[in-house]
Amino acid sequence: MTETTKSVWIEKLKSAKKAGLLQNDRKKIHYTFDDQTEMVEEYDAKTNLLLIRKWRQKPSSGLKTAATSDSWTFEIGQNYETRPIADNTLGMIESTTTPIFSRNDKNDCFEIRIRNLPYSIDTYQLTIDKDKREFVLRTTNKKYFKRFSITDLDRLNLPLEENNLSYSHANNTLIITYKKPKAILDLEKQVHDELKNLNMKKEGDSDCAVN
Amino acid sequence: MDAPSTTQVQQVREITRIERTGAHSHIRGLGLNDSLEARAVSQGMVGQLKARRAAGLILEMIKEGKIAGRALLIAGQPGTGKTAIAMGIAQALGSDTPFTAMSGSEIFSLEMSKTEALTQAFRRSIGVRIKEEAEFIEGEVVEIQIDRPATGTGAKIGKMTLKTTEMETIYDLGQKMIEALTKEKVQAGDVIAIDKASGKISRLGRSFTRAKDYDAMGPQTKFVQCPEGELQKRKEVVHTVTLHEIDVINSRSQGFLALFSGDTGEIKSEVREQINDKVAEWREEGKAEIVPGVLFIDEVHMLDIECFSFLNRALESDMAPILIVATNRGITKIRGTNQQSPHGIPIDLLDRLLIITTKPYELDEIKQILKIRCEEEDVETSDDALNVLTKIGKETSLRYSIQLITLSSIISRNRKAREVSIEDVKRVYEVFLDEARSSDNLREYEQYFMFNDLSNTKQETESKMET
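Just so we're clear, the structure is a prediction, and the values are computed from it rather than from any experiment.

Helix and strand content of chain B: 15 helices and 17 strands. Relative to its full complement of 467 residues, chain B shows a buried share of 41%. Of the contacts formed within chain B by residues at least 6 apart in sequence, a portion of 65% connects residues at least 24 apart. For chain B, the exposed surface amounts to about 28300 Å²; the carbon and sulfur share of it is 50%.

Listed below in structure tokens is the structure:
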């Protein structure tokens, strides 16, 4: 079953319009899918480590819904550009002391970092909700709670195993690691092979090549 | 020198919904069981078993929403429950399905043509359900802290802590949010939900854990549980609008004001075509859903031949609602022609209609209806009084006896009795005439009434004699 689900994702990547750019020691690839959704992946040029994956959905018929916006949603990595306050129609933003959740993968495991968590390691309780395919992080002092999932595992419909899960705490940061199963490693290798065929423009070239 | 200080205690009146009982407000539904058979007395409906069963079948068709342009005619003598059945259908459909009720003579307006009035009525009966996923921040307020800047001028800054059962977060507040929170008078212990897209704050109530804070609270205070899980949630919000509302909003600038004032005027067909295309596009993308509803036209014999031809055509469109018409006319002239036709409706439209008839009520059915109306109008009657009313209803008309209920209750209240007795009913019967007695009265005394045939001829002969 994972073979077919794997190929669904590979097919989706293959059928998308791709544009590649080499910039700052990073390979940036911009995908445009059939339904006007865009995705950008940034790999480290030397280690081929996926640093950033972000998504954006442009509003198609002028009807703005919650899913469409002009800004990117980050699946992996973080948005380092500061957003202007004028953009904030809500009039309310989380204070700078709130914990910041981000995903930064390594070659052999998925890694999730939550910064600004000052509590000691025994306040955290990490469990897996198999029905909803989610990881649940609780705190004994009821200060932080998060339900999250790892989309790469969901794309291949792999089971969530407690053995692969571990966490540690240092410098006010909670680091959660989940070992990548073999299926994921194979998939990544396949994606890299596909991308080798892509013509990467170097920075300074005039136009981005579109495959 | 001490002026007596009158401290006026302001009476805080709770604005509760004061409902006036109307002629059909006792009807809650069609009163059918699971196999669509009508129960004798149920949900405010009495008798008319065949007609109600037929209406139940139509109801199932409407609920499925797949078939457009069907039409139903309810025909029967006056006072046999035609409008009541239509009201039963409306109640049974619920508030999700658009139900427009109108009378035939409403078509004739000086402001817009007949076809425009009919088109608007049709489009008012078709709803568009738009699903939107909105992100909410829902939590209990732990504390709000708003600081005015030291210099006196400049924007206020503030912090608010929101929590759920599992987590809490501190938010920095901007000017807009501070104003909104102060306007809503949000305090610590309130459970609020903030729509991230619009910034609207809704107070859901007060948290149970803070119930013991104050000994006395206002009458409107509601207590709710502290929300669970994450603070930011995605909820599906469903908006239902009718096609007519979309037309009006797009018909001119500031069009939405016309929705409130009712002065819509004629809407161009180009606007309507554009709207149809847009809605079809949304349907394909899955953003919106069409909800066909019901248009009920009472006294349909008031429509003229042009309206009927328009109806023929309009029913053939695939965006047409279900049309229910009612009339109490027999074979009569079609307005706008010299032809006679059953119910005053041309035969080609009659062909398209499913017809159900209503029969006059039996004695025990009338008694049941009167009992239900007494309950609805909050009147206690003795059994004798009820029997007398039933007899009156059978001999004169159902409506007359229903009207006597409230009148006799007023008389009984005047003599400080708890329930209506036969004397009260007799009294009201003597004072208010029904249609039959009024006609008899006229025939006896018509020469004394103005503008009747008898005195007119007398005057003519007199004036002739004078000249």
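Having seen the structure, we can now continue with the description.
Turning our attention to the side chain of Asp304 of chain B. By secondary structure assignment, the location of Asp304 of chain B is in the loop between strand E13 (294-298) and helix H8 (305-314). Those residues in contact with Asp304 of chain B that lie beyond four places of it in its chain are Phe108, Lys114, Arg335 and Gly336 of chain B.

All names here are of chain A. Strand order in the open sheet made by the three strands is E9-E10-E11, with antiparallel pairing throughout. Across the chains shown, the open sheet's two edge strands, defined by having one partner strand only, are strand E9 (124-129) and strand E11 (146-148). Strand after strand, the sheet turns through a mean of 20° between neighbouring axes, direction not considered. Bridging between E9 and strand E10 (residues 134-139) involves six bridges; their strand directions are antiparallel. Directly across from Tyr124, in E10, lies its bridge partner Thr139.

Another aspect to go through is the interface of chain A and chain B. Contacts between chain A and chain B engage 23 residues on the former and 30 residues on the latter. When chain A packs against chain B, close to 2200 Å² is buried across both sides, 55% of that on carbon and sulfur atoms. Taken together, the links from chain A to chain B amount to three salt bridges. Glu166 of chain B serves as the salt-bridge partner of Arg138 of chain A, at 3.6 Å between the closest nitrogen and oxygen. Counting every contact that joins chain A to chain B gives four residue pairs in polar contact (both at pLDDT 80 or more). Elements that contribute at least two residues to the side of chain A that touches chain B include exactly strand E6 (92-94), E10 and E11 of chain A. Top element by residues in the side of chain A that touches chain B is E6 of chain A. It accounts for three residues.

Glancing now at the pattern of salt bridges. Residues and elements named next belong to chain A. Inspection of every chain in the model, using the stated rule, returns 48 salt bridges over all chains. Across the salt bridge formed by Arg133 and Asp154, the nearest N and O atoms sit 2.8 Å from each other. Of this pair, Arg133 sits in the loop between E9 and E10 while Asp154 sits in helix H2 (residues 151-155), and the two are 21 residues apart along the sequence. Connected through salt bridges with shared partners, the residues Glu41, Arg53, Glu75, Arg103, Asp105, Asp152 and Arg155 form a single ionic network.

With that settled, consider the sheet that holds strand E8 (residues 109-115) of chain A. Residues and elements named next belong to chain A. Judged by pairing direction, the sheet is antiparallel, and its four strands sit side by side in the order E7-E8-E13-E12 without closing on themselves. The sheet is open, and its two edges are formed by strand E7 (100-103) and strand E12 (165-170), each paired on a single side. Strand-to-strand twist across the sheet, computed as the mean angle between neighbouring axes with direction ignored, equals 15°. Pairing analysis gives six bridges linking E12 to strand E13 (residues 173-179), with the strands arranged antiparallel. Considered in E13, the bridge of Tyr167 is made with Ile176.

Residues and elements named next belong to chain A. In the Ramachandran plot, Asn48 falls in the positive-phi region, its phi being about 60° despite a non-glycine side chain. Along the chain, the position of Asn48 falls in the loop between strand E3 (37-44) and strand E4 (50-57). With relative accessibility at 27%, the residue Asn48 sits in the partly exposed group. With a phi close to 55°, Asn171 is a non-glycine residue in the positive phi region. Counting through the fold element by element, Asn171 comes out in the loop between E12 and E13.

Moving on to a negative patch on the surface. Residues Glu270, Glu273, Asp277, Glu281 and Glu284 of chain B make up a contiguous surface patch of negative charge. Looking at where Glu273 of chain B falls in the secondary structure, it is placed in helix H7 (residues 269-285).

In this section: the packing of aromatic side chains. Taken as a whole, this structure holds eight aromatic pairs over all chains when the rule is applied. An angle of 20° between the planes, with centres 5.5 Å apart, marks the rings of Phe135 of chain A and Phe148 of chain A as stacked. Taken together, the residues span a long stretch of sequence, with Phe135 of chain A in strand E10 and Phe148 of chain A in strand E11 at a distance of 13 residues. Relative to Phe223 of chain B, the ring of Phe208 of chain B lies with its centre 6.1 Å away and its plane at 20°, an arrangement referred to as stacked. Here the residue Phe208 of chain B occupies a position in the loop between strand E9 (201-207) and strand E10 (223-224), and Phe223 of chain B occupies one in strand E10, the gap between them amounting to 15 residues. Judged by its relative accessible area of 45%, Phe208 of chain B falls in the partly exposed class. A cation over an aromatic ring shows up here: Arg155 of chain A above the ring of Trp9 of chain A, its NZ or CZ 4.0 Å from the ring centre.

It is worth spelling out the nonpolar core at this point. All names here are of chain A. Residues Tyr31, Ile114, Phe135, Leu137, Leu153, Ile176 and Tyr178 are the most contacted members of the largest nonpolar core, which totals 38 residues. The greatest single-element share of this core, amounting to five residues, is contributed by helix H3 (residues 182-196). Excluding residues that lie within four positions of it along the chain, Phe135 makes contacts with Thr127, Ile128, Lys146, Arg147, Phe148, Ser149, Ile150, Leu160, Leu165 and Tyr178.

What follows covers the side chain of Asp105 of chain A. All names here are of chain A. Locating Asp105 in the fold gives a position in the loop between E7 and E8. Reaching out from Asp105, the side chain makes a polar contact with the side chain of Arg103 at a distance of 2.9 Å. Here Glu111 takes part through its backbone nitrogen, which lies 3.4 Å from a polar atom of the side chain of Asp105. Those residues within four positions of Asp105 in sequence are excluded, and the remaining contacts are Leu49, Leu50, Ile76, Phe110, Glu111 and Lys180.

Parameters at a glance
The residue count restarts for each chain, going from 1 along the sequence in the order it is written. Whichever chain is written first is A, and whichever ligand is written first is 1; the rest continue in order. Restriction of local features to residues with pLDDT of at least 70 applies here, the model being predicted, together with a cutoff of 80 or more for giving and counting side-chain atom pairs; totals for whole chains, interfaces and linings are based on all residues. Working from all heavy atoms in the structure, the side-chain values ignore hydrogens and water. What counts as a helix is a DSSP run of H or I of at least four residues, what counts as a strand is a run of E of at least two, and both are numbered from the N terminus. Each residue is assigned to one of three classes by its accessible area relative to the maximum for its type, calculated with a 1.4 Å probe on protein chains only: buried under 20%, partly exposed between the two thresholds, exposed over 50%. Whether two residues touch is decided by their heavy atoms; if any such pair falls within 4.5 Å, the residues are in contact. Method for areas: the Shrake-Rupley scheme with a 1.4 Å probe, in which residue coverage is limited to the protein chains shown. Two strands pair if DSSP finds at least two bridges between them. Where helices are involved, their axes are fitted lines through C-alpha atoms of the stretch in contact, as for all axes, and angles between N-to-C directions lie from 0 to 180°. Two parts placed together each lose some accessible area under a 1.4 Å probe, and adding up what both lose gives the buried area. The term salt bridge refers to a pairing of a side-chain nitrogen on Lys or Arg with a carboxyl oxygen on Asp or Glu at a separation within 4 Å. Here a polar contact means two N or O atoms within 3.5 Å. Within protein one must be a hydrogen donor candidate and the other an acceptor candidate, and residues neighboring in sequence count only if both atoms are side-chain atoms. Patch membership requires over 30% relative accessible area and the absence of a salt bridge. Like charges are linked within 9 Å, and nonpolar side chains (Val, Leu, Ile, Met, Phe, Trp, Tyr) within 5 Å. Only four residue types enter the tally: Lys and Arg on the positive side, Asp and Glu on the negative side, with His and both chain ends excluded. Every charge is mapped onto a representative atom, which is NZ of Lys, CZ of Arg, CG of Asp or CD of Glu. Each Phe, Tyr or Trp ring, with Trp reduced to its six-membered ring, pairs with another whose centre is within 6.5 Å; inter-plane angles below 30 degrees give stacked pairs, above 60 give edge-to-face pairs, and intermediate values give tilted ones. Both a distance and an angle decide whether a charge sits over a ring: NZ of Lys or CZ of Arg must be within 6 Å of the ring centre and within 35 degrees of the ring normal. Definition used in this section: a nonpolar core is a set of buried Ala, Val, Leu, Ile, Met, Phe, Trp, Tyr and Cys residues joined via side-chain atoms within 4.5 Å.

That is the geometry; function is a separate question.
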